[in-house]
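# Examination of the molecular architecture
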Amino acid sequence: MAMAARKPRNREMLFDSVIALVFILVACVDFCDGATVVDVYRLIQYDMSGVPFGSRLASLNHHAASLHFSPHADLSRTVLLIPLRELNMSFVQEYIVAGKPLGGLIFLLPQMFNFENKGGVGSNGDDESKELLKNVLAELEQILIHTSLPYPVYFAFEDDNIDAVLLDIKKNDASGQPATATTGGYKFVVSATEPKKVGSPPITNIQGWLAGLKTDGDSHQLPTIAIVASYDTFGAAPALSVGSDSNGSGIVALLEVARLFSLLYSNPKTRGQYNLLFGLTSGGPYNYNGTRKWLQSFDQRLRESIDYAICLDSIGSWENELWIHVSKPPENAFIKQILEDFSSVAEELGVQVNLKHKKINISNSRVAWEHEQFSRLRVTAATLSELSTAPELLESTGGLLDGRQFVNEAAIVRSVKLIAESLAKHIYGHQGKNVQIFADNSNLAVNPSYVRSWLDVLSRTPRVAPFLSKDDPFITALKKELEDHTDEVNVQREILDGMFTFYDSTSAKLNIYQVASVTFDLLLLLVLGSYLIVLFSFLVITTRGLDDLISLFRRPPSRKVKTA
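The chain appears in an unreviewed UniProt entry as Nicalin from Pisum sativum. Its UniProt record, at the heading Sequence similarities (unreviewed entry), says of the chain: "Belongs to the nicastrin family." Per UniProt, the chain has the following entry under Subcellular location (unreviewed entry): "Endoplasmic reticulum membrane".

What follows is the structure in structure tokens.
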């Protein structure tokens, strides 16, 4: 009986040892060491007229490689970590444009493109290399947003941690041993849910009104001048599209012009006999969808009262020359008046203003400039911009390289003075007179601190319309600012319609793991397994004898033998 009880116990000990081996195997396979966690920003995902563009996936779980991969390597299960500094357009053409299989892409951007960088790390460097990087990023961004990529694409910023990881990855690739299950290396993991469509994307228009002064017995409606700027952006990475110049500069200029004229209009003696209408519009990158809805909400009397509208677009990085873009012919009385007022003030400021006429193609729904939405409703309007030619759809709309460090604050101050003095000439009838209402060092001077503070806010605020809720703090801040400087503020909330469909999941956390190779795992398993077997055999022999150890591996007698 004692011998029978001992055998089950011996078998139980063996079973426990096998279980231990299994746990060791599980512990050894995928033996990882967490290296670092990095903030990453996903390439935009959208459909235009039902055609997919951008990155179509968000989750990532692949081994990593660099641009030094073997020419014959299979990259369908590999994510490439690519610094913008090392990017060559031949790779872009071969793998992105031509669509060679990849597991994923992560582009490393220099810190100078990081809107959270306060002029510290990565902000130094010669102007030539900065300009080269800007050109490469601009070309890359346009390719990415007009291509459908069936894998995750992310952007991240250079720092010491990820630079060290990249250095190790390059060493592995240079040795001819890219990261695989057998060689180890680094594994990049982004845990993200499947991107979902943004339902009913909101657009919000904000309108401020400064009423002009009616004289006694004046029964007719006062004429109106509108100052308009579109505030939202579009870029390859929605979470990084702050648009400091396009169109942060336009918003800042509008707010400062509103502040200046609020000072004039607060006193009946200096209030002009013109109403001033300030419009902050949404949906600018998408054919100025919000502007069209805003204008359609006007009653006929208000629309007919508008002498002209000045739309502000990208006025933050010019030196000596601005452009006035119009749809109506230059012979139009109001167009001639706009050009005359702006040209005379520009001459006083030592800068130049040029007029560019571009007819509207009624059969084409594409709108190149914001003023064209006014012109389609027979309202005289012009766009003031540093851009000499109309951008293509989804171009120059506040993308990755439109950051605070590339905006000239002094250019915005000059723009504000040019706009304010030109409007004042028209409102107060000072044409042909060298009168400066907003002279420097006066109570009505342009305030550089005000311009700087709002420019800083805008340069930290991504403003891609589908991802701005109607109650977003930024929209609330714009509304409050107009309320401080105008008599009446109205907010119009609409739904973005038309050809665009957007998807969420714009940012994530990238987990980087250093993975041991399977060869190491198997070797470790063999050593530990051998050790446990030897230890088990030694314990059995010393406690129960060699015969008991042998009996554990002896085949038990068959039932037939027992029966016999």
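Picking up after the structure, the text goes on.
Another aspect to go through is the packing of aromatic side chains. Summed over the entire model, instances satisfying the criterion amount to 18 aromatic pairs. The interplanar angle of 65° and the centroid separation of 5.3 Å between the aromatic rings of Y286 and F502 together place this pair among those described as edge-to-face. Of the two residues, Y286 sits in the loop between strand 12 (275-281) and helix 6 (289-296) while F502 sits in strand 18 (residues 500-502), which places them 216 residues apart along the sequence. Owing to a relative accessible area of 2%, Y286 belongs among the buried residues under this scheme. Assessed through its relative accessible area of 1%, F502 is described here as buried. Here the aromatic residues Y46, F53, F234, Y286, F500 and F502 are joined through ring pairs into a cluster of three or more. Here K134 stacks its cationic end above the ring of F406, 4.4 Å away from the centre of that ring. The positively charged end of R259 is found above the aromatic ring belonging to Y450, 5.6 Å away from the centroid.

Direction vectors running N to C along helix 5 (residues 248-265) and helix 12 (residues 473-485) enclose 25°, while the axes themselves pass 8 Å from each other. Considered as vectors, helix 5 and helix 12 are oriented roughly parallel to each other. Residue-level inspection shows I251, L254, L255, A258, R259 and S262 of helix 5 in contact with helix 12, the latter providing L478, E481, L482 and H485. Here the residues of the contact of helix 5 with helix 12 sort into 6 nonpolar, 2 polar and 2 charged.

As summarised here, the arrangement of the 4 strands in space is 7-3-2-18, forming an open sheet in which the pairing is mixed. Since the sheet does not close on itself, it has two edges, and those belong to strand 7 (148-149) and strand 18, each with one partner. Pairing of strand 2 (residues 45-48) with strand 18 involves 3 bridges; the strand directions are antiparallel. Its bridge partner lying in strand 18, M48 is registered against F500.

Moving on: helix 6. Taking burial as the measure, the 8 residues of helix 6 include 6 buried ones, the bulk of the element. Those residues of helix 6 that sit buried are N289, G290, T291, K293, W294 and L295. Residues of helix 6 that are buried in the fold lie against strand 10 (202-210), strand 11 (224-230), strand 12, helix 7 (300-305), helix 9 (371-376) and strand 17 (488-495).

For a regular strand, side chains alternate in direction, first toward one face of the sheet and then toward the other. The alternating pattern of strand 2 places Q45 and D47 on one face and Y46 and M48 on the opposite face, and all of these are buried. A loop of 2 residues connects strand 2 with strand 3 (residues 51-55), the two strands running antiparallel in sequence, and S49 in this loop sits at a positive phi of about 55°.

Moving on, we come to the side chain of S262. Examined against the element boundaries, S262 turns out to sit in helix 5. Engagement of the side chain of S262 in a polar contact is seen with the backbone oxygen of R259, the distance being 2.6 Å. Excluding anything up to four places from it in sequence, S262 contacts L210 and H485.

What counts, and at which threshold
- Residues numbered from 1 in each chain as written.
- Predicted model: local features only at pLDDT ≥ 70, side-chain atom pairs only at ≥ 80, totals over all residues.
- Heavy atoms only, no water.
- UniProt positions renumbered as here; feature names shortened; annotations may be inferred.
- Phe/Tyr/Trp six-rings, centres within 6.5 Å; stacked < 30°, edge-to-face > 60°.
- Helix = DSSP H or I, 4+ residues; strand = E, 2+ residues; numbered from the N terminus.
- Buried < 20%, exposed > 50% of the residue type's maximum accessible area, 1.4 Å probe, protein only.
- Lys NZ or Arg CZ within 6 Å of the ring centre and 35° of its normal.
- Axes fitted to C-alpha atoms, helices over the stretch in contact; angles between N-to-C directions.
- Parallel < 35°, antiparallel > 145°, perpendicular 65-115°, else oblique.
- Contact = heavy atoms within 4.5 Å.
- Nonpolar A, V, L, I, M, F, W, Y, C, P; charged D, E, K, R; others polar.
- Pairing = 2+ DSSP bridges.
- Polar contact = N/O pair within 3.5 Å; in protein donor to acceptor, adjacent residues only side chain to side chain.

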